[in-house]
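# Descriptive analysis of the structure
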Amino acid sequence: MVAFKVTRVGTTPFDGQKPGTSGLRKKFLQGTSNNQDSSRLLGRFKYMIGKKIFGDRHKVKVFTQPHYLQNFVQATFNALGSDKVKGATLVVSGDGRYFSKDAIQIITKMAAANGVRRVWVGQHGLMSTPAVSAVVRDRVGADGSKANGAFILTASHNPGGPHEDFGVKYNMENGGPAPEGVTNKIYENTTTIKEYLIAEGLPDVDISKTGVSSFEGPDGKFDVDVFDSTIDYVKLMKSIFDFPSIQKLLSSPKFGFCYDALHGVAGYYAKRIFVEELGGKESSLLNCVPKEDFGGGHPDPNLTYAKELVARMGLSKSHSEPNPPEFGAAADGDADRNMILGKRFFVTPSDSVAIIAANAVEAIPYFSGGLKGVARSMPTSAALDVVAKSLNLKFYEVPTGWKFFGNLMDAGMCSICGEESFGTGSDHIREKDGIWAVLAWLSILANKNKDNLGGEKLVSVEDIVRLHWATYGRHYYTRYDYENVDAAGAKELMAHLVKLQSSLDEVNKIIKGIHSDVSNVVHGDEFEYKDPVDSSISKHQGIRYLFEDGSRLVFRLSGTGSEGATIRVYIEQYEKDPSKIGRDSQEALAPLVEVAIKLSKMQEFTGRSAPTVIT
């Protein structure tokens, strides 16, 4: 048995290692300046001239520079405390993006040095974020061990590769993201760190083969267990859904199916579930081979980046598909997000979670006993609110960030939740789950067509959505993303919007000058949330303008980017009149969109005349 020693390595803090809503994310190549003000000015100047002015020679590879990852990992161990680290079992895996394999070896050696008893690694280092959550919650090792937490190596829906994004986050023993109390301690530790611990003499573990490798250190035995994570995840999905009924649907010659993993980790699970378990055709899988750079694409499941799927589903403006499948879906890099499409039809994420909630008890065995409650993030449309009111369900509106849903679920208060950024999930784990959402939709389609598989025409995705609108009303909804804008300009824009709220009369005067037929604003605030479970308060969670007719404008700075700032603008209009629910969404929302852009002075503060992405 190989023995190792613990080495203490001296180090100094790095600026900017504050975890966001989903951990620490950075571009690999970034400027070397530690002066925050000069960095912001440089970023703004670079954007205004529209090109790189210094080139890559004046940048550093952030995560691969000496001590950078090690500092953050040690800061995390220190934040958790020795009582939760020594003797613990930790999961270390991710979406397979560039640098993941190296990072797994580094974190494993640091875990050994900090007294961790065993590390579980997904084969090839691959494990989706929802699968990590499931493994932490449910997996039992051969020796009876249970996981205490996880390091997840992902930057979610952001690009990967040697010039793109990398990220690391820590999930707790409930399988959910670390709460703010822990992430704040991690950040504080990164600002004062002086040394980190690493195992000297511990060899790299071959993560391409399953099996247990055992070593001996100062604290005793240390094991690395490499295992196939699809086994645990598939078992969980089969306990939630009626696979035979979904299999009947997929076997129907009238039901075409298409799934695009965008070369992310979802492809690792897609073949196992959709082909081997459910009998789908392998040709129905697109881009399902995980790649370190996601094939050079942007692994964000939306109409802009999932171009091949959008074309196949008949929704491309430049390509006309003569016979699209009945159902299509896409995943992001770490498989926690999803996009749902019907034949020539897009389902908004806000509608998707509302429709799943409305049909869950009837279509999904896991929920046959009823729903405990439902929840959505504040920027998500109020479609779920209407369902909750109609079905007499407990309802919660939370800030953006899955950890807020996790608190509700741990307390037994919520069964289904979702957010407009293509995240949907339930209390089976403590992360959003893209494949779960696809199986939920297939379950609803299977249930609607259980007596119709031999009929002339199947009940389609579009049929289900339009029936939902006719029953509950339609929430016209869109999101405009302005990505990688200058951070200083973004903050000035948000401050401007807050200042405007001091006089709603002035706001309404401005709005009438833009569009006279837009309703009056009756309330404006910065969303603040008091958690009903632990009474913690989260402030400054987004700027809201609420209109008399139920419309909403929401402005928020995103915490999921790796550089600059991303401004997200959410525009929503509720329509109850059945004769008016069939309009084109962008046409229906055009007046509110113009109000949002001009009221916020978007171009003046950011220099942007158009959004990067519209969803």
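Structural data are supplied above this passage.
Let us look at the structure shown here.

The rules behind each value
- Residues numbered from 1 in each chain as written.
- Predicted model: local features only at pLDDT ≥ 70, side-chain atom pairs only at ≥ 80, totals over all residues.
- Heavy atoms only, no water.
- Helix = DSSP H or I, 4+ residues; strand = E, 2+ residues; numbered from the N terminus.
- Rg over C-alpha atoms; globule rule 2.2 N^0.38 Å.
- Buried < 20%, exposed > 50% of the residue type's maximum accessible area, 1.4 Å probe, protein only.
- Contact = heavy atoms within 4.5 Å.
- Core = buried A, V, L, I, M, F, W, Y, C linked by side-chain atoms within 4.5 Å.
- Salt bridge = Lys/Arg side-chain N within 4 Å of Asp/Glu carboxyl O.
- 1 Å grid on protein atoms, 1.4 Å probe; cavity = no way out; pocket = protein on both sides within 12 Å on 5 of 7 lines; lining within 4 Å.
- Points joined across faces, edges and corners; volume = space filled by probe spheres on them.
- Nonpolar A, V, L, I, M, F, W, Y, C, P; charged D, E, K, R; others polar.
- Lys, Arg positive; Asp, Glu negative; His and termini not counted.
- Arc of directions from axis to C-beta.
- Disulfide = S-S within 2.5 Å.
- Pairing = 2+ DSSP bridges.
- Axes fitted to C-alpha atoms, helices over the stretch in contact; angles between N-to-C directions.

## Remarks on the overall build of the protein chain
Counting its secondary structure elements, the protein chain contains 19 helices and 29 strands. Taken over the C-alpha trace, the protein chain has a radius of gyration of 24 Å; the compact-globule value for 615 residues is 25 Å, and the two agree within 12%. Oriented by its inertia axes, the alpha-carbon framework of the protein chain measures out at about 75 × 60 × 45 Å. Per-residue burial for the protein chain yields a buried fraction of 58% across its 615 residues. Restricting to contacts in the protein chain with at least 6 residues of sequence separation, those with at least 24 account for 74%.

## Observations regarding the nonpolar core
Counting 81 residues, the largest nonpolar core has Tyr259, Phe274, Phe327, Leu439 and Leu442 as its most contacted members. The dominant element in this core, judged by the number of residues it contributes, is helix H14 (residues 434-448), at eleven residues. Val9, Leu80, Phe151 and Val182 belong to the second largest nonpolar core, which has 49 residues in total.

## A closer look at the pattern of salt bridges
Inspection of the entire model under this criterion finds 33 salt bridges. The salt bridge involving Asp481 is made with Arg568; its shortest N-O contact spans 2.5 Å. With Asp481 in strand S22 (residues 474-485) and Arg568 in strand S28 (residues 565-575), this residue pair connects regions lying 87 residues apart in the sequence. Judged by its relative accessible area of 2%, Asp481 falls in the buried class.

## Describing the layout of surface pockets
Over the atoms rolls a probe the size of a water molecule, and in doing so it shows where empty space is left. Taken as a whole, the second largest pocket holds about 830 Å³ of empty space. Around the second largest pocket sit 27 residues that line it, and Leu303, Leu315, Phe346, Asp584 and Gln586 are the ones nearest its centre. Elements supplying a minimum of two residues to the lining of the second largest pocket: helix H10 (307-312), strand S17 (345-347), helix H15 (461-472), S22 and helix H18 (585-600). Of the residues forming the lining of the second largest pocket, the biggest block, four residues, is contributed by S22. For the lining of the second largest pocket, the class distribution of residues is eleven nonpolar, eight polar and eight charged.

## Points about the side chain of Lys403
The residue Lys403 is located in helix H13 (residues 402-410) in this model. Of the side chains bearing the opposite charge, Glu180 lies closest to the buried Lys403, which forms no salt bridge; the N-O distance is 4.1 Å. Non-local contacts of Lys403, meaning those with residues more than four positions away in its chain, are made with Pro177, Ala178, Pro179 and Glu180.

## Focus: helix H12 (residues 383-391)
Looking at H12, one finds that the buried residues are Ala383, Leu384, Val387 and Ala388. Each buried residue of H12 lies within a common arc of 135 degrees when the element is viewed along its axis, so the set occupies one face. Of the residues trailing H12, Asn392 is marked for its positive phi of about 60 degrees.

## A short note on the side chain of Lys26
Its place among the elements puts Lys26 in strand S3 (residues 24-27). The class of Lys26 is buried, set by a relative accessible area of 15%.

## Considerations on unusual backbone geometry
Within the chain, Arg344 stands out as a residue other than glycine whose phi angle is a positive 55 degrees. Tracing the sequence through the fold places Arg344 in the loop between strand S16 (338-342) and S17. Although it is not a glycine, Phe422 adopts a positive phi angle of roughly 65 degrees. Mapped onto the elements, Phe422 comes out in the loop between strand S20 (416-419) and strand S21 (423-426).

## Thoughts on the state of the cysteines
All chains considered together, the criterion is met by zero disulfides. For Cys258, which is in no disulfide, the shortest distance to another cysteine sulfur is to Cys288 and amounts to 8.8 Å. Looking at the unpaired Cys417, the closest cysteine sulfur is the one in Cys414, lying at 4.9 Å.

## Digging into the sheet that holds S20
Spatially, four strands are ordered S19-S18-S20-S21 in an open sheet, and the strand pairing comes out mixed. Strands with a single pairing partner mark the edges of an open sheet, and in this sheet they are strand S19 (395-398) and S21. Recorded for the sheet is a direction-independent mean angle of 15 degrees between the axes of neighbouring strands. Alignment of strand S18 (residues 374-377) against S19, held across four bridges, turns out to be parallel. Within S19, the residue paired with Val374 across the bridge is Phe395. Seen against the sheet, helix H11 (residues 349-363) touches S18, S20 and S21 and runs at an angle of roughly 170 degrees to S20. Across the sheet, H12 lies against S18 and S19, angled at about 165 degrees from S18, the strand it touches most.

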